[in-house]
Amino acid sequence: MSESQATSLAGVGVERVDYIRIPVKDIEEAKHFYGELLGLSLDPNSPHDDWVEFQAGNVTLAVMTPHTHEYEFSPLPPGAIALRVRDVAEAKAKLEAEGLQVNEMWDSGQCRGAGVKDPSGNPILLHRRYAPYPDGTMP
Amino acid sequence: MQVEQVDFVSVLTQDIARAKQFYGDTLGLPIETEGESDLEFTLGQVTLDVFNPASIGQEFEPSPAGIAIRVPDVAASRAELEAKGVQFDGDIVDTGVCHFAFFKDPDGNQLMLHRRYAPREH
């Protein structure tokens, strides 16, 4: 066990993120956005028609409709999910070619990002760090 | 286009010192980087970014994402958090495949303790 894992388990036993809910108003248009446009793989064993799970590499995104789960829809706040892409400009151009509006790309000096919204208004950040981490490794 | 992974997930805070205490001390997450208005924690396999939007003139909004945090035992972790003063929303739910319990951070961001106990179908 690494030092960081040992530290983590010293708390209340946090192991990992099992999933993150993405609240949407319409499952079909969300499936098109996350599955077709972003190209995430849909878990064929998603439990229900109103709860579909997409794999985004290390994290499962649970796209679901709050109105069928007894609470009201409200979108995620800005910057809630940053998805790593190979090239932010390339990903922005591809989504724009599909008719989506993507915000201007920014460059922090360490990474680039560009925000886009899913059909329900959830902000998704297309993100790529290009500077090495403090330990010298690259993303 | 190919999405490689989730680089980070974010929640917003109105009080970075209070958030540091909650995520760092109460939940016990290791800190990756620390700034005046921005903290990064290791939340298992992904980075949790906690950010004060007032620092860039933006409004605070609590997140309804309900980040599902895997713990070995939902009841045990819930009891530990309750002993530290964290309030939960409702009882532990058993869906038939997993246990979960909802709670919020001090800013009202929705979080969940989660443990699947049934094997995956694939």
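The written sequence of each chain sets the order in which its residues are numbered from 1. Both sets of labels track the order of writing: A upward for chains, 1 upward for ligands. Side-chain atom pairs in this predicted model are given and counted only at pLDDT of 80 or more, local residue features only at pLDDT of at least 70, and totals for whole chains, interfaces and linings cover all residues.

1. Some remarks on the overall build of chain A
Runs of E in the DSSP output that reach at least two residues are strands. Runs of H or I that reach at least four are helices, and both are numbered from the N terminus. Assigned secondary structure in chain A consists of three helices and eight strands. Think of it as a crowd count around each C-beta: if 20 or more other C-beta atoms lie within 10 Å the residue is buried, if 12 or fewer it is exposed, and in between it is partly exposed, with C-beta placed from the backbone throughout. Each of the 139 residues in chain A was classed as buried or not, and the buried ones make up 35%. Whether two residues are in contact depends on their C-beta atoms, placed from the backbone: they are in contact if these lie within 7 Å. Of all intrachain contacts in chain A linking residues separated by at least 6 positions in sequence, the fraction that spans at least 24 positions is 50%.

2. Topic: the overall build of chain B
Looking only at helices and strands, chain B has two helices and eight strands in total. Helices and strands appear in chain B in the N-to-C order β-α-β-β-β-β-α-β-β-β. Once the C-alpha set of chain B is aligned to its principal axes, its extents read approximately 45 × 45 × 25 Å. Counting across all 122 residues of chain B, residues that qualify as buried make up 36%. When contacts within chain B are restricted to residue pairs at least 6 apart in sequence, those whose partners lie at least 24 apart make up 50%.

3. Considering the interface of chain B and chain A
Chain B puts 39 residues into the contact, and the matching count from chain A is 39 residues. At the level of elements, strand S1 (3-12), strand S3 (38-43), strand S5 (67-70), helix H2 (74-83) and strand S8 (110-116) of chain B are the ones that each hand at least two residues to the side of chain B that touches chain A. Counting residues per element, the side of chain B that touches chain A draws most heavily on S1(B), which supplies nine residues. Broken down by class, the residue content of the side of chain B that touches chain A amounts to 19 nonpolar, 13 polar and seven charged. One ladder, built from five bridges, connects strand S5 (residues 81-85) of chain A with S1(B); its direction is antiparallel. Each residue is assigned to one of three groups, with Ala, Val, Leu, Ile, Met, Phe, Trp, Tyr, Cys and Pro labelled nonpolar, Asp, Glu, Lys and Arg labelled charged, and all others, Gly among them, labelled polar. The rule for pairing is simple: two strands pair if DSSP sees at least two bridges between them.

4. Examining the sheet that holds S5(B)
Taken in spatial order, the eight strands line up as S2(A)-S3(A)-S4(A)-S1(A)-S5(B)-S8(B)-S7(B)-S6(B) in an open sheet, and their pairing is mixed. Lying at the two open borders of the sheet, with one neighbouring strand each, are strand S2 (41-42) of chain A together with strand S6 (88-94) of chain B. Here strand S7 (residues 98-104) of chain B runs beside S8(B); their pairing, made up of seven bridges, is antiparallel. Bridging from a neighbouring strand, Cys98(B) pairs with Arg116(B) of S8(B). In this analysis an axis means a line fitted to C-alpha atoms, helices contributing only their contacting stretch, and an angle means the value between N-to-C directions, from 0 to 180 degrees. Across the sheet, helix H2 (residues 27-37) of chain A lies against S2, strand S3 (51-56) and strand S4 (59-64) of chain A, angled at about 10 degrees from S3(A), the strand it touches most.

5. Digging into the sheet that holds S1(B)
Reading across from one edge, S6(A)-S7(A)-S8(A)-S5(A)-S1(B)-S4(B)-S3(B)-S2(B) is the order of the eight strands in this open sheet, with mixed pairing throughout. The sheet terminates laterally at strand S6 (106-107) of chain A together with strand S2 (31-34) of chain B, the two strands that pair on one side only. Pairing geometry for strand S7 (residues 111-117) of chain A and strand S8 (residues 123-129) of chain A, over seven bridges, is antiparallel. By the bridge assignment for S8(A), Gly113(A) is matched with His127(A). Here helix H1 (residues 16-26) of chain B sits on the sheet in contact with S2, S3 and strand S4 (46-51) of chain B, set at roughly 10 degrees to S3(B).

6. Section: the nonpolar core
Under the definition applied here, buried Ala, Val, Leu, Ile, Met, Phe, Trp, Tyr and Cys residues are grouped into a nonpolar core through C-beta atoms within 7 Å. In terms of nonpolar packing, the biggest core is built from 63 residues, with Ile20(A), Leu61(A), Val63(A), Ile81(A) and Leu83(A) touching the most fellow members. Sorting elements by how many residues they give to this core places S1(B) first, with six residues. Non-local contacts of Ile81(A), meaning those with residues more than four positions away in its chain, are made with Ile20(A), Leu76(A), Ile124(A), Leu125(A), Val6(B) and Val9(B).

7. A short note on H2(A)
Residues and elements named next belong to chain A. Among the residues of H2, those classed as buried are Ala30, Phe33 and Tyr34. For H2, the angular spread of the buried residues around the axis is 80 degrees, confining them to a single face. Across H2 from its buried face, at more than 90 degrees, point the exposed residues Glu28 and Glu36. Among the residues trailing H2, Gly39 stands out with phi positive, at a value near 75 degrees. As used here, the arc is the angular range of directions from the helix axis to the C-beta atoms.

8. What about the pairing of S5(B)?
Consecutive residues of a regular strand have side chains that alternate between opposite faces of the sheet. Of the two faces of S5(B), the one lined by Ile67(B) and Ile69(B) and the one lined by Ala68(B) and Arg70(B) are each fully buried. Sheet analysis places strand S1 (residues 16-23) of chain A next to S5(B), joined by three bridges and oriented antiparallel. Bridged to Arg16(A) within S5(B) is Arg70(B). Pairing analysis gives four bridges linking S5(B) to S8(B), with the strands arranged parallel. Bridge assignment links Ala68(B) to a residue of S8(B), and that residue is Met112(B).

9. Describing the environment of Pro75(A)
Residue and element names in this part refer to chain A. Within the element layout of this structure, Pro75 appears in the loop between S4 and S5. A C-alpha to C-alpha distance of 6.1 Å links Pro75 and Gly121, two positions 46 residues apart in sequence. If sequence neighbours within four positions are ignored, Pro75 has contacts with Pro23, Ser120, Gly121 and Asn122.

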